[in-house]
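What follows is the residue order along each chain.
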Amino acid sequence: MWFTLDYLFSKQCRPGWSFQRRLMKRHALLFVTGGQLELCVDGEWHRLESGQYALLAPGELAEARVSSSEPSDIVLLSFSYGEARPDKKGNVLEEPNALLFDNHLLRGLPFGQAVLPLIEQLEITGLERGAMGHWKQTIVFQQLLFTLATEAQKRKQAQGGMREAIQQLVSYLDEYYMNADLSLQSLAESYGISWSNFSGIFKKYVGVKPIDYLTQLRMNHAKSRLLQSVRMEEVAQQVGYRDPLYFSRTFKKNVGITPSEYRKISAKENIITLSPHVNDYLLALDMQPFATLPYAGNDHTEGLLPYIADKLRGTRLIGEEFQHDPDTLVSANPRMILSFDGLWTSLASLQNIAPTVNIKLKDDWRSLLFELSAMFGRKAQYVQWIRHFEQKASLARRRLAQGWKRNETVMVLIASSNELRVYGGRRQLGEVLYRELRLLPPQGITLQDHYTCVTPEQLRRFEPDHIFLATTNSNLTGAQVKELRESDAWNRLSAVRRGNVYEVSSWLNGHAPIQHSLSIDIAVSHLLKGASQ
């Protein structure tokens, strides 16, 4: 590993000062030692306060400005970084412009007290002439990088400890949700979490506030009990509510219908879905929707998602795209309507037709599948599906272990009508590749990312060994893919030169159980075929 400090820039910037937008050719560390600075990287603005820094990587578009009424003190260190690795013949190959640290997109992190003296030493050693002076400056610069890396590692470990505490707390709620005397404040403090910060920390790691998580947990268990021969008062007590009336109001607020209405719903009679993707979940639970809205994707099969079209032959289509036909809904006489957050219709208008439940599509498709299984009394089908899926994923990992180079990286690249998106492992096809198949993402892509917009030139900083390429449903003509394939930046990528680009259908980048199961088959087929070439 080698570092070269190219230049050091220290300046007090007056109000109104700006750093014009430019393409970064080297790595750069930007420290704010006084005042505040607004920094824009690839179109996204960040506010840096005094005592914070940012790390910029080659290929990023950066600009900065002082918009406050007070001056800002900044220090900019531009440097080159790379790794020296032996090839198969023992020759040492230098790879410049590699990314610094695992998480290179550092924006607005605080730096410790040890950093400022090192910056001052860099300024002093920069005045010394000759090889010895340059050597001394290099040593100080490496000390600075080591200090920043150590601070980042400690911060990551501290966050890991907090994440573990939150996970334990969630497990406790999952087990003792029925306790009517459960105190979230006492529970948080018992796990060493300050009550004043508890809600924000919990939402950061779980995605929702703690009270919302507990309420939803109780509602899911209530749905399961309502489909059994249990008195309403007993259901309320079994899920943590002493007052049945309060339970009923809470249930209607969260589910959209009263517990009594919910109990009358039959899982087998005239269920209408207003999201084509929810049909995937119902089919996984061996349920057949009576009617559904058409799928708006450019790869549809007679208005249905192509990979489940054959399973929905008996399902009627109502309306078009995201707009249902009210008259058709009324004439269908549905027993239940499954709506979703993105529908351009109020729940109240649907409730006039039939009991309506609003489905919230989540990053974790397993939790939504479980909620639906509890809603319709299909927990046995849920367990069977999850067991089947886990077995398939395990078998796929074993197949890849036998015919796949573990150190090779895989990228998911999706072209919309106006942008290119590099996906992380948070959901969709990225989740299949990085979480289920446990493949290696390019450096700079994490399991927590959803997607990042890039230019063709910025793809060079990832340099993946394999690329899964698809379009979004909004990209009707595929012009973005054609333009990408004709660009010089694209054709310089090693994955492109090696023929390791796999163009897949738009639906493959979905987020549902059957879709993920099929994605495993398709991904493994492409990767093993590419490995054999």
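Up top is the structure.
On a predicted model such as this, the values are computed, not experimentally measured, just so you know.

Draft legend 1. Broad picture of the sheet that holds strand E20 (residues 501-503). Read from one edge to the other, the open sheet built from five strands follows the order E18-E17-E16-E19-E20, with strand pairing classed as mixed. Each having just a single partner strand, strand E18 (451-454) and E20 make up the two edges of the open sheet. On average, each strand axis in the sheet is tilted by 25° relative to the strand beside it, whichever way the strands run. Pairing analysis gives six bridges linking strand E16 (residues 410-415) to strand E19 (residues 466-471), with the strands arranged parallel. When the bridges of E19 are listed, Val-410 appears paired with His-466. Here helix H14 (residues 428-436) sits on the sheet and contacts E16, strand E17 (420-423) and E19; the angle it forms with E16, its principal contact strand, is near 175°.

Draft legend 2. Broad picture of helix H12 (residues 365-375). Counting buried positions along H12 gives nine out of 11 residues, so the element sits mostly inside the fold. Those residues of H12 that fall on the buried side of the exposure criterion are Trp-365, Arg-366, Leu-368, Leu-369, Glu-371, Leu-372, Ser-373, Ala-374 and Met-375. Its side-chain oxygen at 3.1 Å from the backbone nitrogen of Arg-366, Asp-364 defines the N-terminal cap of H12. At the C-terminal side of H12, Gly-377 shows a positive phi close to 65°.

Draft legend 3. Helix H13 (residues 379-403), seen in detail. For H13, spanning 25 residues, the distance from its first C-alpha to its last is 36 Å, which sits close to the expected 36 Å at 1.5 Å a residue. Those residues of H13 that fall on the buried side of the exposure criterion are Tyr-382, Trp-385, Ile-386, Phe-389, Lys-392, Ala-393, Ala-396 and Leu-400.

Draft legend 4. Quick peek at the environment of Val-239. For Val-239, the position within the fold is in the loop between helix H6 (232-238) and helix H7 (244-255). Sequence separation of Val-239 and Ala-180 is 59 residues, and the distance between their C-alpha atoms is 8.0 Å. What Val-239 contacts, discounting residues up to four positions off in sequence, is Tyr-177, Met-178, Arg-218, His-221, Ala-222, Arg-225 and Phe-247.

Draft legend 5. Looking closely at the nonpolar core. Ranked by size, the top nonpolar core spans 101 residues in total, and within it Leu-173, Leu-338, Leu-413, Leu-433, Leu-437 and Trp-490 carry the most contacts. In terms of residues, this core owes the most to one element, H13, which gives seven residues. Aside from chain neighbours lying at most four places away, what touches Leu-173 is Leu-182, Leu-184, Leu-187, Phe-202, Tyr-213, Leu-214 and Leu-217. Counting 21 residues, the second largest nonpolar core, distinct from the first, contains Leu-5, Leu-29, Val-140 and Leu-145.

Draft legend 6. View of the side chain of Gln-515. Structurally, Gln-515 is set in helix H18 (residues 513-532). Residue Gln-515 is classed as buried on the basis of its relative accessible area, which comes to 1%. Within the structure, Gln-515 has its side chain in polar contact with the side chain of His-516 (distance 3.4 Å). If we ignore the near neighbours within four places in the chain, the residues touching Gln-515 are Asp-280, Tyr-307, Trp-507, Leu-508, Asn-509 and Gly-510.

Draft legend 7. Examining the environment of Ala-28 more closely. Tracing the sequence through the fold places Ala-28 in strand E3 (residues 27-34). The class for Ala-28 is buried, based on a relative accessible area of 1%. For the pair Ala-28 and Leu-8, spaced 20 residues apart in sequence, the C-alpha to C-alpha distance is 9.7 Å. Apart from the residues lying within four places of it in its own chain, the contact partners of Ala-28 are Ala-54, Leu-55, Leu-56, Leu-76, Leu-77, Ser-78 and Phe-79.

Draft legend 8. Looking closely at the packing of aromatic side chains. All chains considered together, the criterion is met by 15 aromatic pairs. Each ring, one from Phe-198 and one from Phe-202, has its centre 5.7 Å from the other, and the planes form 70°; the classification is edge-to-face. With a gap of four residues between them, Phe-198 and Phe-202 both fall in helix H4 (residues 195-206), about one helical turn apart. Plain terms: the ring middles of Tyr-241 and Tyr-246 are 5.8 Å apart, the flat faces sit at 55° to each other, and that makes the pair tilted.

Draft legend 9. Spotlight on the pattern of salt bridges. A complete count under the given rule lists 15 salt bridges for this structure. The shortest N-O distance in the salt bridge between Asp-465 and Arg-498 comes to 3.3 Å. A residue pair is termed long-range when its members are at least 10 positions apart, and Asp-465 in the loop between E18 and E19 and Arg-498 in the loop between helix H17 (494-497) and E20 qualify at 33 residues. Taking the relative accessible area as the measure of exposure, Asp-465 reaches 17% and is therefore buried. Residue classification places Arg-498 among the partly exposed residues on the basis of a relative accessible area of 40%. Connected through salt bridges with shared partners, the residues Glu-38, Arg-47 and Arg-65 form a single ionic network.

Draft legend 10. Structural detail: unusual backbone geometry. One non-glycine residue with positive phi stands out, namely Gln-428, at about 60°. Locating Gln-428 in the fold gives a position in helix H14. A relative accessible area of 12% places Gln-428 in the buried class. A positive phi is found at Glu-463, a non-glycine position, where the angle reads about 45°. Structurally, the position occupied by Glu-463 is in the loop between E18 and E19.

About the thresholds
Residues numbered from 1 in each chain as written. Predicted model: local features only at pLDDT ≥ 70, side-chain atom pairs only at ≥ 80, totals over all residues. Heavy atoms only, no water. Pairing = 2+ DSSP bridges. Helix = DSSP H or I, 4+ residues; strand = E, 2+ residues; numbered from the N terminus. Axes fitted to C-alpha atoms, helices over the stretch in contact; angles between N-to-C directions. Contact = heavy atoms within 4.5 Å. Buried < 20%, exposed > 50% of the residue type's maximum accessible area, 1.4 Å probe, protein only. Polar contact = N/O pair within 3.5 Å; in protein donor to acceptor, adjacent residues only side chain to side chain. Expected span 1.5 Å × (residues − 1). Core = buried A, V, L, I, M, F, W, Y, C linked by side-chain atoms within 4.5 Å. Phe/Tyr/Trp six-rings, centres within 6.5 Å; stacked < 30°, edge-to-face > 60°. Salt bridge = Lys/Arg side-chain N within 4 Å of Asp/Glu carboxyl O.

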